[in-house]
Amino acid sequence: MSPHPRLPGSVRRSWGAGASGGFWPLRDVPAVLWLLATIAAAVFHEALPAPRWLMIHLLLLGAVSHSILVWSRYFADALLHTPARDGDRVRQSIRLVLLNAGTLLVVVGVLAGRWPVTAVGATAVGAAALWHGGALLRQLTTALSARFAPTVRYYVAAAALLPVGALLGILLARGVDDETHERLVTAHVALNLLGWLGLTVLGTLVTLWPTMLRTRIAPGAERAATRALPVLVAAVTLTVVSAVAGVLTGAAVGVALYLVGVGVLAVPFARAARNKPPSAFPTWSVLAGLLWLVGALALLAPALLTAPSWAQAYDRISALTPALALGFAAQVLIGALSYLMPVMLRGGPSVVRATNEVFDRAGPARIVVVNAGLLVALPPVPGPVRTLAGVLVIVGFAAFLPLLVMAARVARRAKAAPAAALTPGRPRGQSGALAVLGLAAVLLATAAGVAIDPSALGHGAVVGPASAGVTATGRTTEVVVAANHMRFTPSRIEVPAGNRLVITVRNTDRETVHDLVLDSGANSGRLSPGQSARLDVGVVGRDLDGWCSVAGHRQLGMLLSVVAVGAPSRAAPGAAEPSHGAGPATRTGDDAAARLDFLADPGPSFTPHSARLAPAPVGRVHTRTFTVEEVVREVAPGVTQRLWTYNGSMPGPVLHGSVGDVFEITLVNHASMGHSIDFHAGALAPDRPMRTIPPGASLRYRFTATRAGIWMYHCASMPMSAHIANGLFGAVVIDPPDLAPVAEEYVVIQSELYLGAQGQRLDVDKVMAERPDAVVFNGYANQYDHRPLTAHAGDRVRIWVLDAGPNRASAFHVVGGQFDTVYSEGSYLLRASSGGGQVLPLSPAQGGFVELAFPEAGHYPFISHVMVDAERGAHGVVEVRP
């Protein structure tokens, strides 16, 4: 059997010849290298700057764009029946070098914060695409009439759009104001994902899809392709122009119009699948990718239409971008390559069959793992659930690479012994078993994540059943409750005793995740802005208490009362009277505060939070990505807390620079609730950069450090006290212009711990009552007693100090030392005079530094001289050596 049945013979021959012209490193290797780089970036994302941007561009601009340049040229040759000309391979090689070198420069330029480098790279990428499109256009205009010429028109249109997307990328790298940035990102995504990638994929699948299914091209496929192309191009154009002009409605209509174009093509696609349903990994992977495209666009169009501003639109686009990049682009790429690689390996039908079988290994399990894993990882879920599901997704995609190596070996053996290559197909029933195995892996990962973080199932003390033994009336009371601005509206519901109560909970907030939990155990689940849930409470026979279980929302008054009118008793028999706000919603397991032992040793494996101030990076523009993550960390020996963190640590990364430096921060929210960031080091309107973003979203925060000092940054989402106390804070050090060098330079940040249950988040009630369990330096009680800071006798040491609070003041003191320099809140209180200082007093959010030289070797404690705080964790040691 031919590997391409029912296609015209000339097409089969051209595709086979084009794809199998021997090993060509420049053609065959880069896509694999870009995929390896993408997987590496996913694995080591915590250690990389801008990891989200990096992963998306390594995949789309690297692996996918290289594959487009390679395969669209081969398909054009085949479909137009144009033979290769002298110099074609040389020109194609130059284009591939130009594209890949440009992509590498874009990546280096963005990560290094050097926009001219990014501009050179983006120009090279755009030039390669234009050259590629021009070559295809010449083929199209000189070729004889061909049945499948519409596909090549898709390639030409796609190639014309990529340079515009590259130009927008240059503008984004150069830096624009926030609203312009949000609009340009929307246009950039439309041009590159829907234009360059989307048009190429949709045009190719007109002929490749039935070929992969091993069936005839459906009647009318060429006509559908011809009709759909202008609709798709118009949709991309409308979306881009509307985004640049700032017209949200136009952008939403453009996305909806793109869906219409996809719908036109879906008719022949569906007919081909009906003739021969997908049965192997490549076809299932491509089909899944197309479904992710349709699903993401179906969500994006109304999201843009209902967004009140471009800031919210940008949040929603950034939340859906991974669905397009991984669900659509990555799956289509892996599926297409899994089908095309056996042809490229050459050797005839027996070799193609043998290598096809390799790429199909564990196919159902891989499909289910990737798609179910994405469905779990992309919505708002707790950090451990997202992490474990994400690992499975990475494994599912990464399996392609070892299979590629195995296929090459099988091809060599099959060429040597063709008869040995004829192997039986997958046993009957194995596909279903493998799919169940993949689903089981995802369910186990989800269960493990829930076990690590029980908050995944919601919180709340259950008082007892809502019915309280009352006789049901058979009637139903239905109520709509809106969650907005830390209030439920209405906040009181009256229900005739015995009626069944059904509550529709709508999160009408623009930024914040909410839920509704009742003391009967009923729970709406977490609702992102704009989402709704139908909560069936059951028969109501007693009064019920309700609240939002998101940390701090209950304490801020997000409460709801259900009153059972005519109930014989206000409480369930034997149950304590419920009380709004009584006790934290996170109380599960043992109390972490009971484990505190401030004299305990953390053990030999303990690694302290580094207090050493790293030198400021070179250059005047500093680009970083801050990822909000939920992690369980030890905060004192044997005491763990579920923290909200920037980049996995409390405090977050220390930024360091000079007056006049520009900081470009991308905030990515990987937590299960809304978070934000507020940099005190910049002066700008807080409306956009400091807004709360929902889970999965990102924002860009750009500020210029115009004044020196140590500046706090923190989450500004309500309640701020809880978000700061649970780990979302850090420091920006901006050196005064005349700062002299010193032998050692450290950063010490004081904060407070309000412990809940062991391994769970903070106790918000303790925060509101200002009852900290511990006061610590750099996130861990007394850590520098056990791992001292170091200095040498006679050397000058500078210690930057910030009081992150949220509530306690600090009085920083070094026992046995005297300060000859004291700098507080931007000015010197003492500087190289005969006088001396003993304390740097700081209120919450204030900072400064002290300098001193230790007179002799020894151990010098540093403390907060608010002695009760020094005795509950705000204590460390400087070990001074001879």
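Since this is a predicted model, take the numbers as computed values, not measurements.

**Quick notes on the overall build of the protein chain**
Then step 1. Of the regular secondary structure elements, the protein chain holds 21 helices and 27 strands.
Then step 2. Here the C-alpha radius of gyration of the protein chain, 31 Å, is about what a compact globule of 882 residues would show, namely 29 Å.
Then step 3. Its C-alpha atoms put the protein chain at 90 × 80 × 55 Å along the principal axes.
Then step 4. Within the span of the protein chain, comprising 882 residues, buried residues form 58% of the whole.
Then step 5. In the protein chain, the proportion of contacts linking residues at least 24 apart, taken out of those at least 6 apart, comes to 76%.
Then step 6. Carbon and sulfur atoms provide 62% of the accessible area of the protein chain, an area that totals close to 33400 Å².

**Some points on the packing of helix 4 (residues 51-80) against helix 12 (residues 310-344)**
Then step 1. Interhelical geometry of helix 4 versus helix 12 gives an angle of 40° and a closest axis separation of 10 Å. Every pair of crossing elements has a handedness; the one defined by helix 4 and helix 12 is left-handed. Residue-level inspection shows Arg 52, Ile 56, Leu 59, Leu 60, Ala 63, Val 64, Ser 67, Trp 71 and Phe 75 of helix 4 in contact with helix 12, the latter providing Ser 318, Ala 319, Thr 321, Pro 322, Ala 325, Leu 326, Ala 329, Ala 330, Leu 333, Leu 337, Leu 340 and Met 344.
Then step 2. Class assignment for the residues of the contact of helix 4 with helix 12 results in 17 nonpolar, 3 polar and 1 charged.

**Describing the side chain of Thr 283**
Then step 1. When you line up the elements, Thr 283 lands in helix 11 (residues 281-306).
Then step 2. Apart from the residues within four sequence positions on either side, Thr 283 is in contact with Trp 209, Met 212, Leu 213 and Pro 278.

**As for the side chain of Ser 524**
Then step 1. Here Ser 524 shows up in the loop between strand 5 (517-518) and strand 6 (532-539).
Then step 2. Side-chain polar atoms of Ser 524 contact the backbone nitrogen of Leu 516, separated by 2.9 Å.
Then step 3. Leaving out residues up to four positions away in the same chain, Ser 524 has contacts with Val 505, Asp 515, Leu 516, Ala 533 and Leu 535.

**Considering the confidence of the model for the protein chain**
Then step 1. Per-residue pLDDT for the protein chain averages 87, and the proportion of residues at 70 or more is 91%.
Then step 2. Per-residue pLDDT, averaged within each element of the protein chain, yields its smallest value for helix 1 (residues 9-19) (41) and its largest for strand 15 (residues 709-714) (98).
Then step 3. This model gives residues 1-20 a pLDDT under 50, and the stretch forms 48 contacts once residues within four places in sequence are excluded.
Then step 4. Ignoring residues within four places in sequence, the model shows residues 456-460, a span with pLDDT below 50, making 16 contacts including any to other chains.

**With respect to the sheet that holds strand 19 (residues 789-792)**
Then step 1. On the basis of which strands lie adjacent, the open sheet formed by 5 strands has the order 19-27-26-21-24 and mixed pairing. Unpaired on one side and paired on the other, strand 19 and strand 24 (840-842) mark the two borders of the sheet. Neighbour-to-neighbour, the strand axes of this sheet turn through a mean angle of 20°, independent of strand direction.
Then step 2. Examined bridge by bridge, strand 19 and strand 27 (residues 875-881) share 4 bridges and lie parallel to one another. Pairing of His 792 across the sheet is with Arg 881, part of strand 27.

**Some words on the packing of aromatic side chains**
Then step 1. For the structure on display, the rule yields 23 aromatic pairs.
Then step 2. Judged by centre distance (5.9 Å) and plane angle (45°), the rings of Phe 626 and Tyr 646 are tilted. Placement of Phe 626 in strand 9 (residues 621-636) and of Tyr 646 in strand 10 (residues 639-646) is noted, with a sequence separation of 20 residues between them.
Then step 3. With 5.1 Å between their ring centres and 15° between their planes, Phe 663 and Phe 703 make a pair best called stacked. Here Phe 663 is found in strand 12 (residues 662-669), whereas its partner Phe 703 is found in strand 14 (residues 698-704), with 40 residues between them in sequence.
Then step 4. The buried category is assigned to Phe 663, whose relative accessible area is 1%.
Then step 5. Here the aromatic residues Phe 626, Tyr 646, Phe 663, Phe 679, Tyr 701, Phe 703 and Tyr 713 are joined through ring pairs into a cluster of three or more.

**Here's the deal with the sheet that holds strand 2 (residues 487-489)**
Then step 1. Taken in spatial order, the 4 strands line up as 2-1-4-6 in an open sheet, and their pairing is mixed. Sheet topology places strand 2 and strand 6 at the edges, where each strand pairs with a single neighbour. If you compare each strand with its neighbour and ignore which way they point, the axes differ by 25° on average.
Then step 2. In this sheet, strand 2 lies alongside strand 1 (residues 476-484) in antiparallel orientation, the contact comprising 3 bridges. When the bridges of strand 2 are listed, Asn 484 appears paired with Arg 487.

**Things to note about the pattern of salt bridges**
Side-chain pairs of opposite charge can arise where the charged atoms are in close proximity.
Then step 1. The tally for this structure, following the rule as stated, stands at 23 salt bridges.
Then step 2. A salt bridge links Arg 73 to Asp 77, with the nearest nitrogen and oxygen atoms 3.2 Å apart. Here Arg 73 pairs with Asp 77, and both are found in helix 4, just 4 residues apart, close to one helical turn. Assigned by exposure class, Arg 73 and Asp 77 land together as buried.
Then step 3. Between Asp 519 and Arg 542 there is a salt bridge whose closest N-O contact spans 3.1 Å. Taken together, the residues Asp 519 in the loop between strand 5 and strand 6 and Arg 542 in the loop between strand 6 and strand 7 (544-547) connect sequence positions 23 residues apart. Taken individually, Asp 519 and Arg 542 each receive the classification buried, so the pair is uniform in this respect.
Then step 4. Shared partners join several salt bridges into a network, and the residues in it are Glu 179, Glu 182, Arg 183, Asp 315, Arg 688 and Arg 691.

**As for unusual backbone geometry**
Then step 1. With an omega of -5°, the peptide bond between Met 650 and Pro 651 qualifies as cis.
Then step 2. Examined against the element boundaries, Pro 651 turns out to sit in the loop between strand 10 and strand 11 (655-658).
Then step 3. That bond from Gly 805 to Pro 806 is cis: its omega, 20°, falls within 30 degrees of zero.

**So, the environment of Val 621**
Then step 1. Position of Val 621 among the secondary structure elements: in strand 9.
Then step 2. On the basis of relative accessible area, Val 621 is assigned to the partly exposed category, the value being 29%.
Then step 3. Each C-alpha atom, one on Val 621 and one on Leu 840, is 31 Å from the other, the two residues being 219 residues apart in sequence.
Then step 4. Residues in contact with Val 621, not counting those within four places in the same chain, are Gly 113, Val 662 and Glu 664.

**Things to note about the state of the cysteines**
Then step 1. One pass over the full model with this rule turns up 0 disulfides.
Then step 2. No disulfide involves Cys 548; its nearest neighbouring cysteine sulfur is the one of Cys 715, lying 15 Å away.
Then step 3. Classification of Cys 548 as buried rests on a relative accessible area of 1%.
Then step 4. Relative accessible area serves as the criterion here: at 0%, Cys 715 is assigned to the buried category.

**Observations regarding the packing of helix 13 (residues 349-359) against helix 16 (residues 400-416)**
Then step 1. Packing of helix 13 against helix 16 brings their axes to within 9 Å, and their N-to-C directions diverge by 155°. Between helix 13 and helix 16, the crossing angle belongs to the class labelled roughly antiparallel. Pair helix 13 / helix 16 crosses with right-handed handedness. Contacts from Val 351, Ala 354, Thr 355, Val 358 and Phe 359 of helix 13 reach helix 16 at Phe 400, Leu 403, Leu 404, Met 406, Ala 407, Val 410, Ala 411, Ala 414 and Lys 415.
Then step 2. When grouped by side-chain class, the residues that make up the contact of helix 13 with helix 16 number 12 nonpolar, 1 polar and 1 charged.

Rules used throughout
- Residues numbered from 1 in each chain as written.
- Predicted model: local features only at pLDDT ≥ 70, side-chain atom pairs only at ≥ 80, totals over all residues.
- Heavy atoms only, no water.
- Helix = DSSP H or I, 4+ residues; strand = E, 2+ residues; numbered from the N terminus.
- Rg over C-alpha atoms; globule rule 2.2 N^0.38 Å.
- Buried < 20%, exposed > 50% of the residue type's maximum accessible area, 1.4 Å probe, protein only.
- Contact = heavy atoms within 4.5 Å.
- Areas by Shrake-Rupley, 256 points an atom, 1.4 Å probe, with all protein chains shown as cover.
- Axes fitted to C-alpha atoms, helices over the stretch in contact; angles between N-to-C directions.
- Left-handed = near helix turned anticlockwise from the far one by under 90°.
- Nonpolar A, V, L, I, M, F, W, Y, C, P; charged D, E, K, R; others polar.
- Polar contact = N/O pair within 3.5 Å; in protein donor to acceptor, adjacent residues only side chain to side chain.
- pLDDT = per-residue confidence, 0-100.
- Pairing = 2+ DSSP bridges.
- Phe/Tyr/Trp six-rings, centres within 6.5 Å; stacked < 30°, edge-to-face > 60°.
- Salt bridge = Lys/Arg side-chain N within 4 Å of Asp/Glu carboxyl O.
- Disulfide = S-S within 2.5 Å.
- Parallel < 35°, antiparallel > 145°, perpendicular 65-115°, else oblique.

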